[in-house]
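What the coordinates show
Each chain, written out:
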2 protein chains.
Amino acid sequence: MLANSSLLILHPRVTFSLRHFSRRTQALKLLRTCSSSSSSSENARFGRSGSLSSIPPPAQKIDVNPPKGTRDFPPEEMRLRNWLFHNFREVSQMFAFEEVDFPVLESEALFIRKAGEEIRDQLYCFEDRGNRRVALRPELTPSLARLVIQKGKSLSLPLKWFAVGQCWRYERMTRGRRREHYQWNMDIIGVPDVTAEAELISSIVTFFKRIGITAVDVGFKVSSRKVLQEVLRYYSIPNNLFGKVCIIIDKMEKIPIDEVKKELRSAELSDEAIEELLQVLSIKSLTKLEEKLGAAGEAVADLKQLFSLAEKFGYSEWIQFDASVVRGLAYYTGIVFEGFDREGKLRAICGGGRYDQLLSTFGGEDIPACGFGFGDAVIVELLKEKGLIPEVGPQVENIVCYLDPDLQGAAVSVATILRGKGQSVDLVLENKSLKWVFKRAARINACRLILVGSSEWQKGEVRVKNLSTGEQYEIKVDKLE
Amino acid sequence: MLANSSLLILHPRVTFSLRHFSRRTQALKLLRTCSSSSSSSENARFGRSGSLSSIPPPAQKIDVNPPKGTRDFPPEEMRLRNWLFHNFREVSQMFAFEEVDFPVLESEALFIRKAGEEIRDQLYCFEDRGNRRVALRPELTPSLARLVIQKGKSLSLPLKWFAVGQCWRYERMTRGRRREHYQWNMDIIGVPDVTAEAELISSIVTFFKRIGITAVDVGFKVSSRKVLQEVLRYYSIPNNLFGKVCIIIDKMEKIPIDEVKKELRSAELSDEAIEELLQVLSIKSLTKLEEKLGAAGEAVADLKQLFSLAEKFGYSEWIQFDASVVRGLAYYTGIVFEGFDREGKLRAICGGGRYDQLLSTFGGEDIPACGFGFGDAVIVELLKEKGLIPEVGPQVENIVCYLDPDLQGAAVSVATILRGKGQSVDLVLENKSLKWVFKRAARINACRLILVGSSEWQKGEVRVKNLSTGEQYEIKVDKLE
């Protein structure tokens, strides 16, 4: 991915510049000096024959790949990650959310719930040297809840918090699914009204728009767990089965329907209740839902309010009611939503909802809360599909090189002066040929080349070449800006 | 740490503003409406009495603290971390380094070296669900070496890479020492010359200066492992003991000298060699070192070059030769350095050096390399000592609130318009009293308050209050900038 000879072709200014410089006797001399550059770069590649070289290499080469399901971020990948995270952060700040973080290693107990969630079987957990059961976090919300309980009354509600953190799940790997991913979370703690969920969805829509994704590409399926709850209550199913039933229903698209029914039966639901439940879950219109459940319940009222707020926020075209959305975490209690690609090629892009009772499951006092998680993997797949991956190349203001071994110190001084003025400088650390320097300049996308040559240096000057215009001039070092 | 009543005293504009608004009949009415705000915020605190509330809370409250030795980052801590990391990144980019990252979970084999390093006994390691031995990384350099081997010839040398990543060590906890910390690394791969080390130290000095640390506060002790190597060679001690001897010597300040001697003896060093070694290690002057070792060796030549380059970089006053510095990692081969506080209260602030032969220990071809690690813990202790912790408060451009339940949608529209223009907006999500809103505005440090009231809204206007000048005006919504 990095520099190669094709860059020389893509940047004709390189050969042009060489011709310009080569008019100068000094530069010619230096080009000769550095014509051995290929051998000197060989040296760089294979190292100075250090006197410690008799340390025996191990018998076997290590596995040079990162552990299965994990990623390295070489510069080009890191630039994309930084671009994505930058957008997460800018949107969060535009919505006045404050950034927080938690340990990636948490007590295992924080993630163990009794609803048979997929997440539990996928925990990276172990015993530490102090015999504590710990786990790499599979999600951020339980840590947030823990911190909110810990801070207690010292917090001024509502809290609007966001985080971008790495999460781990040991799972089968498919497209856009690895064993680690970074997750952008935004949470509102202390607001019981649906305005909170509406604002969360607005922030995700704002993010999508910023990166070029439209309502043609992506939609949100929205429902409320209170829909299920009302059905369960009608059939007198105990509340403590609620989380479990939600988890079973969430598997509907992943396992055969008979399997789902079997699991629901084993959760002590009658065949009649199951059929009714499945029928309700197939509803895709709020009007039909109201016909089914009546207008009095919280489920319909919350959803109507959300769709009304969506108009004010300006994202009506992004959202649709779909009773089948329940999400895979046990703790949701109200509105739930998930972002999906309209072509249906990818897994959910993001998801969230209200979790008003998570704190009490940790022994704290409940505070109304809602939030979402947005991974860094599926969105990149979607951007690729849509041809929207941005070009995020390297960029450096100056490359400083010297044309005589004696001028190394001078080049160091020039680089230091420029950096002192806040400029970014790639200092060529060895005596290299001009050809080599131009190639590197192209690779790192430098704006200017600062050449420290002896005749100029004697006058207290350096030679500057603007690498986009080709303009060249000499300038006093203290005049460099 | 967050909002409390003292903010009202610190920000007299709040009471002032309330008086201003209270002249308005409408506002007065609303102040009355919202005089029940304390009870409504109680509601927010304890949650809507949701119909799921019969889910029984667990018998026991979970431990609300993060696992021992780890940290939460609530907003105020996160702002400090972001400030620090921002400075790490800005300096790295000023030196034209490209950012990279690696998995925090790596194969354990990557960190197991045979020199008896402290790091080995402190690994957070375990077997994953696929029976692989894995470890939370205790440092970043081995991952970097792994990636360089993997990328091989596709990389254009030299590489200048930086990373800011979390590292884990299970160790005793003391001041500025936890079980996880973030580490800023900068590495130069492919430059055999000491200019590389000199540039690395320059970047750290630049960082210190940016955050207000001077050469009076901090210095660098510099030596070269080649000093030790020359002594060992003189006593015909085999090269393969080199790493081990370095690790033993690194303990000199931590364990009694007799213990160090005992360990050296068990590494098959003669008493004469040990005495000579200890004598050489006590040298604190380059001139004396040259007298001892002669001028011909690489150790003295490298160090002289480094001190000469330090002049050109402009940081001579920051560095001093000290033969006792060897650093605690087995893989260093040349120049080693560490940053220390001159008052001697803290552990090393940062450290690094040349590691020309790390790649071959992983079965790769060696490439000359050097780098440093700079933790996020000791530097914060130092900043506290010096009173240099910056004030990094929250900052929001607008807070938008509505003065009538019917105007919620209007407030949403106003917030959305402002965000569409790139402004940050804290939207008050519930109908709250003006007193509450002003308190929140002070806590989040909002610049402007946008009040959506019914008489203004009928004219298509909102009321704006500049919260630093106290200036108030009404403005058409479409004129809001």
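Residues numbered from 1 in each chain as written. Chains lettered and ligands numbered in written order. Predicted model: local features only at pLDDT ≥ 70, side-chain atom pairs only at ≥ 80, totals over all residues. Heavy atoms only, no water.

1. Regarding the interface of chain B and chain A
Keep this limit in mind: Should any heavy atoms of two residues lie within 4.5 Å, those residues are counted as being in contact. Accessible area that two parts lose when put together, evaluated with a 1.4 Å probe and summed over both, is termed the buried area. Salt bridges are counted wherever a side-chain nitrogen of Lys or Arg sits within 4 Å of a carboxyl oxygen of Asp or Glu. Contacts described as polar in this section are N or O atom pairs within 3.5 Å, which, within protein, must combine one atom able to donate a hydrogen with one able to accept it, while residues neighboring in sequence count only if both atoms come from side chains. Residues are grouped as follows: nonpolar covers Ala, Val, Leu, Ile, Met, Phe, Trp, Tyr, Cys and Pro; charged covers Asp, Glu, Lys and Arg; every other residue, Gly included, is treated as polar.
With 129 residues of chain B in contact, the opposing surface of chain A contributes 129 residues. Summed over both sides, the interface of chain B with chain A buries roughly 11,100 Å², with 55% coming from carbon and sulfur. At the junction of chain B with chain A, the criterion picks out 14 salt bridges. With its nearest N and O atoms 3.0 Å apart, the salt bridge here joins B:Arg419 to A:Glu199. Counting across the chain B and chain A interface gives 38 residue pairs in polar contact (both at pLDDT 80 or more). A class-by-class count of the residues in the side of chain B that touches chain A yields 57 nonpolar, 35 polar and 37 charged.

2. Re the nonpolar core
Rule in force here: Nonpolar cores were defined as sets of buried Ala, Val, Leu, Ile, Met, Phe, Trp, Tyr and Cys residues, with membership established by side-chain atoms within 4.5 Å. Each residue gets one of three labels from its accessible area relative to the maximum for its type: buried under 20%, exposed over 50%, partly exposed in between, using a 1.4 Å probe on protein chains only.
The biggest cluster of nonpolar side chains holds 103 residues, and the ones touching the most others in it are A:Phe208, A:Phe220, A:Phe374 and A:Ile379. Within the second largest apolar cluster, 102 residues are counted, among which are A:Leu429, B:Phe73, B:Met78 and B:Ile201.

3. Points about the UniProt feature "binding site: L-histidine" (unreviewed entry) in chain A
All names here are of chain A. Rule in force here: UniProt positions are given in the numbering used here, feature names are shortened, and annotations may be inferred rather than shown by experiment. Helix and strand labels come from DSSP, where a helix needs a run of H or I of at least four residues and a strand needs a run of E of at least two; each type is numbered from the N terminus.
In the UniProt entry, the feature "binding site: L-histidine" (unreviewed entry) is given for Glu-139, Leu-140, Thr-141, Arg-169, Gln-183, Asp-187, Arg-327, Tyr-331 and Tyr-332. With respect to the helices and strands, the residue Leu-140 is situated in the loop between β4 (133-136) and α7 (141-151). Among all residues touching Leu-140, those that are not within four sequence positions of it are Phe-102, Ala-163, Gly-165, Cys-167, Gln-183 and Asn-185. By secondary structure assignment, the location of Arg-169 is in the loop between β5 (159-168) and β6 (180-189).

4. Here's the deal with the sheet that holds strand β16 (residues 472-476) of chain B
Residue and element names in this part refer to chain B. Using the following cut-off: We call two strands paired when DSSP finds no fewer than two bridges between them. To get an axis, fit a line to the C-alpha atoms, keeping to the stretch in contact for a helix; angles then go from 0 to 180 degrees between the N-to-C directions.
If you trace the five strands from one edge of the open sheet to the other, you get β13-β12-β14-β15-β16, paired in mixed fashion. The strands lining the two open edges of the sheet, one partner per strand, are β13 (425-427) and β16. Strand-to-strand twist in this sheet, taken as the mean axis angle between neighbours without regard to direction, amounts to 25 degrees. As paired elements, strand β15 (residues 461-466) and β16 share five bridges and run antiparallel to each other. Bridging across to β16, Lys-465 finds its partner in Gln-472.

5. Topic: the sheet that holds β4(A)
All names here are of chain A. Strands sit in the order β2-β4-β3 across an open sheet of three strands; the sheet is antiparallel. In this open sheet, the two edge strands, each paired with only one partner strand, are β2 (105-107) and β3 (124-127). The mean inter-strand angle of the sheet, taken between neighbouring strand axes irrespective of direction, is 35 degrees. Sheet topology places β2 next to β4; three bridges connect them, and they run antiparallel. Bridging across to β4, Ser-107 finds its partner in Val-134.

6. Notes on the packing of helix α13 (residues 286-293) of chain B against helix α14 (residues 298-313) of chain B
Residue and element names in this part refer to chain B. Worth spelling out the cut-off: Here the word oblique covers every angle except those under 35 degrees (roughly parallel), over 145 (roughly antiparallel) and from 65 to 115 (roughly perpendicular). The hand of a helix crossing depends on one turn: near helix anticlockwise from the far one by less than a right angle means left-handed, and clockwise means right-handed.
One can describe the packing of α13 onto α14 by two numbers: an axis separation of 10 Å at closest approach and a directional angle of 160 degrees. Relative to α14, the element α13 is oriented roughly antiparallel. Here α13 runs over α14; the crossing is left-handed. Contacts between α13 and α14 involve Leu-286, Leu-289, Glu-290 and Leu-293 on the former and, on the latter, Ala-299, Val-300, Leu-303, Lys-304 and Phe-307. A class-by-class count of the residues in the contact of α13 with α14 yields seven nonpolar, no polar and two charged.

7. Thoughts on unusual backbone geometry
All names here are of chain A. Here the amide bond leading from Leu-157 into Pro-158 is cis, since omega sits at -5 degrees, within 30 degrees of zero. For Pro-158, the position within the fold is in the loop between α7 and β5. Here the phi dihedral of Asn-131 falls at roughly 60 degrees; this positive angle occurs in a residue that is not glycine.

8. Let's talk about helix α10 (residues 242-250) of chain B
All names here are of chain B. The buried count for α10 comes to seven of nine residues, which makes it a mostly enclosed element. The set of residues buried in α10 consists of Phe-242, Gly-243, Val-245, Cys-246, Ile-247, Ile-248 and Ile-249. Contacts made by the buried residues of α10 are with α9 (225-234), α11 (257-266) and α12 (271-281).

9. Here's the deal with the environment of A:Phe95
All names here are of chain A. Inspection of the secondary structure puts Phe-95 in the loop between α5 (75-94) and β1 (98-99). In this structure Phe-95 comes out as buried when scored by relative accessible area, which is 1%. For the pair formed by Phe-95 and Met-173, sequence separation is 78 residues and the distance between their alpha carbons is 34 Å.

10. What to know about the relation of the copies chain B and chain A
The condition is simple: Our superposition of the copies is a least-squares fit, built on the C-alpha atoms of residues whose pLDDT is at least 70 in both.
After a rotation of 180 degrees and a shift along the axis of 0.0 Å, chain B superposes on chain A with an RMSD of 0.0 Å. The superposition operator between the copies reduces to a two-fold rotation axis. It is B:Phe126 whose C-alpha, among those of chain B, lies nearest the rotation axis, at 3.2 Å. When you check the interface residues of chain B against chain A, 100% turn up at the interface there too, and the contact is symmetric in its surfaces.

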